[in-house]
Amino acid sequence: MKVLVGQFITESNANIPLKNNVGSFKMLFGDDCIDGMHIREVFEQRDVEIVPSILADAGASGVIERAAFEYIEHEFVNAVRTHIHEIDGMLLMLHGASEVDGVGSGDHHILNAIREVVGEYLPIFVVCDPHGNLCESYVRQTTLIRSYRESPHTDSIATLQKVAGWLCDFLLNRQNIHSVYRKLPLILGGEQSVSTDEPVRSINSYMDKMEKDPRIRSCSWHVGYIRHDSDVAGCGIVVVPQNEADQGYAEQKADELAAYVWDRRHEFHYTGVAAMPDRAFEMALAFGGQPVFITDSGDNVTSGATGWNTYILRQAIERAESNVGLNRRLLFANICDPVCYDVLSGLDEGDSAHISLGVGFDDMSQPVELDVHVRSRGPLRGYLHHPHDAHYGDAVVVSVDGMPIDVSVASTRQAMCERHQFEAVGLNWGDYDVVVVKQGYLFPELKEAAAFSVMSLTLGTTPQDTKIIPFKRILRPMYPIDDI
Ligand SMILES: [Zn+2]
């Protein structure tokens, strides 16, 4: 037997002034595509031959230019056309949160285009990110669609492998089934749906139990994505029956799961401590232990922000220059500024420089003038399922003269989510009292190391208050924008 595999990942934040062209994507073909999806062993152990199409990954980023998308979609469809005579099914990883200029959801468009070639019956199993957007017609076109359970996505590879195994089982015992979808009039940010916290923990264990039901093959819930305006935004749930005879039963279980999530809508909340920027900064400075982490949640690079905001850095400088002074040692990891990075990249460790840090695109990224000396440097590495030895760009760490402030100035936007990333640029978070990172919820290794952490509710391209985001195209009424 043969399965075709492919992967398409882009979270399109329409608020940032960057668009994805072909060069924005990591693209892998052939064996590299298979290995990049981490599913080779699952299929080979079952004697299933793998036909690769394309792996295209721009991560959390901007809207996609049409030409770039058309190229990627062509690679998917062309592979399907070439191998249609020999494939028995497909395993696709379609993130779900892409937006293409003039097209809408790229994920939905790709699946449509593939169904146009293969018709409605060829098994297509889709793995997706819970921060992707679904709709009735999209879900209906999948044989099975299943999202990761955990946020942050510590189970992304395990989920791909699990669903690959399910596809192998399915090909040995074909059933005429399709996924059942329920849309919820509920819109949430990722920072209110961390899986180690309630109500997501209870929802996950409810679904794990449901998946043990012999008449249910899979179920998942989908947070959705809120960084571009779209009629497919909002939460949803999916239930997939075991056999054709269970299709009606799956409809019933879908209603139950939808009701279970909906009844918990008032329980979604920011995980941990969240506060307005001034209060968050004071709380971090006042805490006795170290390290304390502040997340700059309005500039959350893991959700597509640019990582170039200097707002919290300016809070720190203002404090250092005030009568009160700054008596804690601070690290900013990172602030993205390619021009400032270029100036620093020619210097040696210990060299002094006068820099202007901040790209000056808007109020949040206003530049600051600083006298600094170079402390260390190194490559920007990947986190979670992104290759840890990848070289996304570089950073130079500088110490600000006369202030207890170090800044990692990055050549590109990259979130620092794991210890090895800090070490790669010569940093140890244990050397600091307060570390400011470009995330929303704190990633697991940082959370474990943190004596205390606070999410600063800064403005930027990833604001946390969904009520202030001017959606025009979403379903209404929608909780919590409308009082349902
Ligand atoms: Zn996600």
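Residues numbered from 1 in each chain as written. Predicted model: local features only at pLDDT ≥ 70, side-chain atom pairs only at ≥ 80, totals over all residues. Heavy atoms only, no water.

(A) Molecular detail of the environment of V163. By secondary structure assignment, the location of V163 is in helix α6 (residues 156-172). By relative accessible area, which is 0% here, V163 ends up buried. The spatial distance from the C-alpha of V163 to the C-alpha of K183 is 23 Å, given a sequence separation of 20 residues. Ignoring any residue separated from it by four or fewer positions in sequence, one finds V163 in contact with L91, F125, V127, L144 and R146. (Helix = DSSP H or I, 4+ residues; strand = E, 2+ residues; numbered from the N terminus. Buried < 20%, exposed > 50% of the residue type's maximum accessible area, 1.4 Å probe, protein only. Contact = heavy atoms within 4.5 Å.)

(B) Summary view of the sheet that holds strand β9 (residues 180-183). Read from one edge of the open sheet, 3 strands run β9-β11-β10, paired in antiparallel fashion. Each of the sheet's edge strands pairs with one partner strand only, and the pair in question is β9 and β10 (216-222). Strand-to-strand twist of the sheet, defined as the mean angle between neighbouring strand axes without regard to direction, takes the value 10°. Sheet topology note: the β10/strand β11 (residues 236-241) ladder contains 6 bridges and is antiparallel. Within the sheet, the bridge partner assigned to H222 lies in β11 and is G236. Against the sheet, helix α7 (residues 200-212) engages β10 and β11, with an angle of about 165° to β10. Together, β9, β10 and β11 form the strand contacts of helix α8 (residues 247-262), whose direction differs from that of β11 by roughly 155°. (Pairing = 2+ DSSP bridges. Axes fitted to C-alpha atoms, helices over the stretch in contact; angles between N-to-C directions.)

(C) Molecular detail of the coordination of the zinc ion. The zinc ion binds to the protein through D129 (OD), D129 (OD), H131 (ND1) and H153 (NE2); the donor distances cover 2.1 to 2.6 Å. Each donor residue of the zinc ion belongs to the same chain, with the gaps between them written as D-x1-H-x21-H. Under the relative-accessibility criterion, D129 is labelled buried at 4%. (Donors = N, O, S within 2.8 Å, 3.2 Å for Na, K, Ca; no water.)

(D) Broad picture of the environment of A424. Relative to the assigned elements, A424 resides in helix α12 (residues 419-424). Residues A424 and S53, 371 residues apart in the sequence, show an inter-C-alpha distance of 33 Å.

(E) Highlighting the nonpolar core. If you look at the biggest cluster of nonpolar residues, it comprises 64 residues, and the most contacted ones within it are F8, I39, F43, M90, L91 and L92. For this core, the leading source of residues is α6, giving 8 residues. Counting residues in each nonpolar core, the second largest holds 37 residues, with C340, L357, V434 and V436 among its members. (Core = buried A, V, L, I, M, F, W, Y, C linked by side-chain atoms within 4.5 Å.)

(F) Local environment of the sheet that holds strand β4 (residues 49-61). Pairing is mixed across the open sheet formed by 6 strands, whose spatial order is β3-β4-β1-β6-β7-β8. On the outer flanks of this sheet lie β3 (26-28) and β8 (144-147), each paired with one strand and no other. The sheet shows a mean angle of 10° between the axes of neighbouring strands, taken without regard to direction. Pairing of strand β6 (residues 89-94) with strand β7 (residues 124-128) involves 4 bridges; the strand directions are parallel. Each bridged residue has a counterpart across the sheet, and for M93 the counterpart in β7 is V127. Sheet strands touched by helix α4 (residues 106-118): β1 (2-12), β6 and β7. Its angle to β6, the strand with the most contacts, is close to 170°.

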